[in-house]
Amino acid sequence: RLMMVSSDKDGKAYQMEMRKGEPGYAVIPRPRLLPVKGTQLTISHLLSGIRTLNGEKIQCYLASELRDRIRHSGVKIRIIDRTSRLELDVEPRQYEGRLIHELPQINTPFGDVYVELYLSERKPENYISLFRSGTRVLQDITVLDLFQCKPWTSGYFQGVIDASFLHLTPGTRDGIIHDERFAGFCDSLNNLKERLNLIAAEQSKAEEERMS
């Protein structure tokens with residue numbers, strides 16, 4: 001059961017309730033002596049696996065999942081973990097390495113693609129995430145068959161590719177519909193792919209010269 005309470009611009013509080021297995025929802029007025037600040041969200045009962053989550057894990061999750069939305073909106077998120085007696089602020093994830101400037105602009109008939117990439121030392125844990133409108137869809141873009149090649153698998157790059165026009169599979173947020181929009185997105189990355197391959201080759205050459 002999920003219950004959300006929030007106020008409108010006049011200070012009147014409303015409550016929305018949803019239940020597992022029921023597709024609908026209900027919104028009703030919620031009498032309050034004092035106005036509600038922000039939004040109150042209550043979820044019960046929690047499954048046993050979710051109970052292992054702590055404030056630090058939730059902090060790391062939100063910092064990655066909502067990185068761009070937090071940055072662009074300026075919203076402040078604080079996690080109060082009463083079990084561990086911690087209060088944690090969620091800060092957007094900061095990438096390591098050097099920000100790559102002068103990358104080619106990516107435009108498609110369906111909209112522009114935002115790219116923010118960083119050049120780092122070669123590590124297997126380096127990856128590029130795919131976002132849609134500021135929310136992460138895929139942690140590592142190489143899970144898509146078309147991206148299981150260099151430069152995406154080179155291990156030199158971290159960062160974000162955000163395409164707000166992609167269609168997600170119904171009922172989930174980690175699946176992309178392979179339609180004409182997805183095809184246009186993939187085709188639009190050809191110039192970026194060539195540029196990153198050149199950067200990766202230069203970085204690899206510099207590393208070999210340092211080793212020798």
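Our subject in this report is the structure included herewith. Source: prediction; values computed, not measured.

1. Considerations on the sheet that holds strand β1 (residues 2–7)
One open sheet accounts for four strands, arranged β3-β2-β1-β4; its pairing is antiparallel. Edge positions in the open sheet fall to β3 (26–29) and β4 (39–43), since each of these has one partner strand only. Between one strand axis and the next, the sheet turns through 20 degrees on average, direction left out of account. Bridge analysis of β1 against strand β2 (residues 13–18) gives six bridges, and the strand direction is antiparallel. Bridging from a neighbouring strand, Val5 pairs with Gln15 of β2.

2. So, the pattern of salt bridges
Counted according to the given criterion, the structure contains ten salt bridges. Linking Arg136 and Glu65 is a salt bridge whose minimum nitrogen-to-oxygen distance equals 2.5 Å. With Arg136 in strand β11 (residues 135–138) and Glu65 in helix α1 (residues 55–65), this residue pair connects regions lying 71 residues apart in the sequence. The pair Arg136 / Glu65 is uniform in exposure class, with both members buried. With a shortest N-O distance of 3.6 Å, Glu96 and Lys123 are connected by a salt bridge. Here Glu96 is found in the loop between β6 (86–89) and β7 (98–99), whereas its partner Lys123 is found in the loop between β9 (111–119) and β10 (128–132), with 27 residues between them in sequence. We classify Lys123 as partly exposed; its relative accessible area is 27%. Beyond isolated ion pairs, a larger network of salt bridges with shared partners links Arg67, Asp68, Arg71 and Glu116.

3. Considerations on unusual backbone geometry
Cis geometry marks the peptide bond from Ser44 to His45, where omega comes out at -5 degrees. Residue placement: His45 occurs in the loop between β4 and α1. Residue Pro151 is bonded to the preceding Lys150 through a cis peptide linkage, with omega at 10 degrees. One can find Pro151 in the loop between β11 and β12 (157–163). Despite not being glycine, Arg85 shows a phi value in the positive range, around 55 degrees.

4. Examining the side chain of Gln203
Looking at the secondary structure, you find Gln203 in helix α4 (residues 190–211). Note on Gln203: relative accessible area 19%, which makes it buried. With sequence-adjacent residues up to four places away left out, Gln203 is seen in contact with Leu119, Ser120 and Tyr156.

5. Remarks on the side chain of Ser188
With respect to the helices and strands, the residue Ser188 is situated in helix α3 (residues 180–188). Of the residues examined, Ser188 reaches a relative accessible area of 16% and is grouped as buried. Looking at Ser188, its side chain comes within polar contact range of the main-chain oxygen of Phe185, at 2.6 Å. Residues in contact with Ser188, not counting those within four places in the same chain, are Ile106, Asn107, Thr108 and Val113.

What counts, and at which threshold
- Residues numbered from 1 in each chain as written.
- Predicted model: local features only at pLDDT ≥ 70, side-chain atom pairs only at ≥ 80, totals over all residues.
- Heavy atoms only, no water.
- Pairing = 2+ DSSP bridges.
- Helix = DSSP H or I, 4+ residues; strand = E, 2+ residues; numbered from the N terminus.
- Axes fitted to C-alpha atoms, helices over the stretch in contact; angles between N-to-C directions.
- Salt bridge = Lys/Arg side-chain N within 4 Å of Asp/Glu carboxyl O.
- Buried < 20%, exposed > 50% of the residue type's maximum accessible area, 1.4 Å probe, protein only.
- Contact = heavy atoms within 4.5 Å.
- Polar contact = N/O pair within 3.5 Å; in protein donor to acceptor, adjacent residues only side chain to side chain.

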